[in-house]
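Summary of the model geometry
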Amino acid sequence: MNRILIAGATGYLGRYIVAESQNRDLNTTVLVRNKKKAEKMNLSPENIFVAEVTEKDTLADCCNNIDVVISSLGITRQRDDKTYMDVDYQGNMNLLEEAKKANVKKFIYVSALKADQLREVQICDAKEKFVDELKKSGLDYSIIRPNGFFSDITEFYNMAKKGKVYLFGDGELKSNPIHGADLAEVCVDAVFSSEKEINVGGPEVLTHNKIAETAFAAVGKKPKISYIPDWIRKGILRFGKVFLPAKMFGPVQFFMTVMAKEMVAPIHGKITLKEYFYQLHLKENKER
């Protein structure tokens, strides 16, 4: 089980999964669109497979001599004409078909916490449609369900830099987002685990208020928080569904839906949000 194919390898999470796999001396191959990005990962050319997952023919033989596929494929920010169904569902389906042809032993897929309960949200529906198919595929599998990446929480930091953070409701909903490096450990652990579904969060359970205060502390500003009534959030969702282009509405729909829910998952990892925010601030100061 030491021959691993990592799909989505140049994305936020994928880069950490590659590093974790290499740290454990696993035979690591990456599936990427951009070869130049992959070449920076200390991989030999034969361990870089270039393909476009939405174009099925380009994936031919990508899973040959592979034991386990780990896929974090999915749209984070829609910059082209591809939809969640194109990438999160069909792209992963194309990869799954190749995995079945090559008799891959296991397929590990990164979805999202509570995505199976949020099928009305575009991105969750696409991810869970693929999960449904993976479960019926006949392959051994693990579904990883993180409750949010630190990279998603960067918006709190960006607002704090501008002097004010906006929160929905009273700011007391809780979550424990996770750093990519800590989540990568869970993804690679799943290679050798029998668990089928793994809910996972970071080491600290924080209210949205506390996340905002942590961001203000990192940028050295006094906390200033404005609270937005929930009816405005619901109105934005209704308005956006009708008037926003699908590629703009998708991220808005996901963000505004999960921000109104408790998103607490089993604790894992060591890297705190405070460390992450301070590292962002330190990096910005160095670049000035």
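Throughout what follows, the structure given in this document is the object of discussion. (Residues numbered from 1 in each chain as written. Predicted model: local features only at pLDDT ≥ 70, side-chain atom pairs only at ≥ 80, totals over all residues. Heavy atoms only, no water.)

**Overview of the pairing of strand 4 (residues 68–71)**
The following threshold applies: Three exposure classes are used, based on accessible area relative to the maximum for each residue type with a 1.4 Å probe and protein chains only: buried under 20%, partly exposed in between, and exposed over 50%. Here a helix means four or more residues in a row that DSSP labels H or I, a strand means two or more in a row labelled E, and each is numbered from the N terminus. Pairing between strands requires that DSSP locate at least two bridges from one strand to the other.
Burial along strand 4 is two-sided: V68 and I70 and V69 and S71, pointing in opposite directions, are all buried. Pairing geometry for strand 4 and strand 5 (residues 106–110), over 4 bridges, is parallel. Looking across to strand 5, one finds that I70 is bridged to I108.

**Structural notes on the pattern of salt bridges**
Rules: What counts as a salt bridge is simple: a side-chain nitrogen of Lys or Arg found within 4 Å of a carboxyl oxygen of Asp or Glu.
All told, the structure shown has 19 salt bridges when counted by the stated rule. Note that R24 is salt-bridged to D189, the shortest N-O span being 2.8 Å. Note that R24 is positioned in the loop between helix 1 (12–23) and strand 2 (27–32) and D189 in helix 6 (residues 180–189), a separation of 165 residues in sequence. By relative accessible area, which is 37% here, D189 ends up partly exposed. In this structure, D230 engages K234 in a salt bridge whose closest nitrogen and oxygen atoms are separated by 3.7 Å. One end of the pair is D230 and the other is K234, both in helix 8 (residues 230–243) and 4 residues apart, which spans about a single turn.

**Quick look at the packing of aromatic side chains**
Where we set the bar: Ring pairs are drawn from Phe, Tyr and Trp, using the six-membered ring of Trp, whenever the two centres fall within 6.5 Å, and their geometry is named by plane angle: stacked under 30 degrees, edge-to-face over 60, tilted for the rest.
For the structure shown, the criterion picks out 8 aromatic pairs. Relative to Y276, the ring of F150 has its centre 5.3 Å away and its plane inclined at 50°; by these criteria the two rings are tilted. Here the residue F150 occupies a position in helix 5 (residues 150–162), and Y276 occupies one in helix 10 (residues 273–287), the gap between them amounting to 126 residues. No difference in accessibility class separates F150 from Y276, as the two residues are buried. Ring geometry for Y157 versus F277: centroids 5.9 Å apart, planes at 25°, classification stacked. One end of the pair, Y157, is in helix 5; the other, F277, is in helix 10, and 120 residues separate them in sequence. A relative accessible area of 0% places Y157 in the buried class. Here F277 falls in the buried class, since its relative accessible area comes to 0%. Chaining the aromatic ring pairs together yields one cluster made of F150, Y157, Y276 and F277.

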